[in-house]
Amino acid sequence: MARIMKTDIKSLSETELKSLLEALGEKPFRAAQVFDWIHKKKAQSFDEMTNLSLALRERLKEEAELVSLVPVSVQASLLDGTRKYLFRLEDGNLIESVFMPYHHGNSVCVSSQAGCRMGCRFCASTIHGLSRNLKASEILEQVYAIERDTKERVSHVVMMGSGEPFDNYEAAVRFIRLISDDKGADLSIRNITVSTCGLTEGIRRFAEEDLPVTLALSLHAPNQALRESLMPIARRYDLQEVIEGCSFYFETTHRRLTFEYALMNGINDSEACARELSELLKGQHAHINLIPVNPVEERDFRQPDSARIASFVKILEKNGINVTIRRTMGADIDGACGQLRNRVLQNS
Ligand code: SAH
């Protein structure tokens, strides 16, 4: 018997909910109630929606599904309260998310795809390729499920887990609209960061969505040749073109960008690289976030020692570039994103 596809109701905007409910012969005002149950009260079943008639609740159960994620494992850091979640999706796919408590609020790092097809050499998420895109509801549920588990409110979201947000553009934008909806989870749009490996058409399109999030560009190299050798996707996008896309994002949204640069010993951490990087970013309204590379078991990249990092930073600062070094969180639990998932995939 063919399985009838149910509507993924958690991915719908209030306007789309209105159409769904009208098609079921309901009054449009019901949409606000259902939206409130799903995104404000974070209901886990239609039975909880007690201000709807019993008949409507039964009808919704037939027509729609409420995507819900249950963690298959949680690793908690004893050092700083970081919690790393592994979730199994309905079709058996695995994804990772990370909860990080900061003084300024709780942050969750979400995955936008199961796996990734961008191929960055230093990244664990890409080792098994792309399995599939996540639905907006599955991205959202990473945050809601973590709130349920920790009983804490999440105020910040970074799209820096597995996957490339602009390779799953529609769902990524839908997710951002839903989580920042003031009738729902109501996250401040300024507390959302989207990280991209530099799909230029995505950056330009995203600039015009009127969603002024913080955009992070994964740069990792100061010139085209080195960038191509670390990030195969860079062959498709000339570095200058990517930087121009970033300028366009700033001019359109007036939001300052972050450039991510993972320091890899002997690869991109020389003083010459620091000078070239300063030249590249001169005049950009940006700051650079240096991340000592997270060693990935299957790859041979190492972190530079602290003296090398210090001289790299010094050159950037001397050139007036705003620099931060990313603090390592959860150092005692599975390192880089994607590693937990890979371990499970390898053992299964
Ligand atoms: N696809 C997006 C977001 C996912 S990765 C992107 O490329 O930006 C989030 C960030 O972690 C990116 O800057 C990515 O380059 C970086 N990253 C991946 N593997 C890493 C590792 N082993 N060490 C340090 N940073 C890493």
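Described in the following lines is the structure provided in the data block.

Here is what the cut-offs are and how they apply
- Along each chain, residues carry numbers from 1 onward, in the same order as the chain's sequence is written.
- Given that the model is predicted, a residue must reach a pLDDT of at least 70 before its local features are reported, and side-chain atom pairs must reach 80 or more before they are shown or counted; all residues, however, enter totals for whole chains, interfaces and linings.
- Each side-chain value is worked out from all heavy atoms of the structure, with water and hydrogens disregarded.
- The secondary structure listing takes helices from DSSP runs of H or I that are at least 4 residues long and strands from runs of E that are at least 2 residues long, numbered from the N terminus.
- Two things to know: the radius of gyration comes from C-alpha atoms, and the globule rule equals 2.2 Å times the number of residues to the power 0.38.
- Note on definitions: a residue-residue contact is assigned when non-hydrogen atoms from the two residues lie within 4.5 Å.
- Computed by Shrake-Rupley with a 1.4 Å probe, the accessible areas treat only the displayed protein chains as cover when residues are assessed.
- Charge assignment: positive for Lys and Arg, negative for Asp and Glu; neither His nor the chain ends contribute.
- By convention, the charge on Lys lies at NZ, on Arg at CZ, on Asp at CG and on Glu at CD.
- The classification of residues rests on relative accessible area computed with a 1.4 Å probe and restricted to protein chains. Under 20% of the type maximum is buried, over 50% is exposed, and intermediate values are partly exposed.
- Polar contact is the term for a pair of N or O atoms within 3.5 Å; when the atoms are in protein, one must be able to donate a hydrogen and the other to accept it, and sequence-neighboring residues count only if both atoms are side-chain atoms.

Focus: the overall build of the protein
Each helix and strand counted, the protein has eleven helices and 14 strands in total. Against the compact-globule benchmark of 20 Å for 348 residues, the protein has a radius of gyration of 21 Å, which places it among compact chains. Dimensions of the protein, computed from the C-alpha atoms along their principal axes, are close to 70 × 45 × 40 Å. Partitioning the contacts of the protein with sequence separation of at least 6, the portion at a separation of at least 24 is 67%. Carbon and sulfur atoms make up 50% of the accessible area of the protein, which totals about 15,700 Å². When the 44 positive and 48 negative side-chain charges of the protein are each reduced to one mean point, those points stand 2 Å apart.

Notes on the environment of Gln44
Within the secondary structure, Gln44 sits in the loop between α2 (30–40) and α3 (54–63). Taking relative accessible area as the criterion, Gln44 reaches 36% and is therefore assigned partly exposed. Through-space distance from the C-alpha of Gln44 to that of Cys116 is 29 Å; in sequence the pair is 72 residues apart. In this structure Gln44 touches Leu66, Ser68 and Arg148, once residues within four positions along its chain are discounted. For Gln44, the side chain forms a polar contact with the side chain of Arg148, separated by 3.0 Å.

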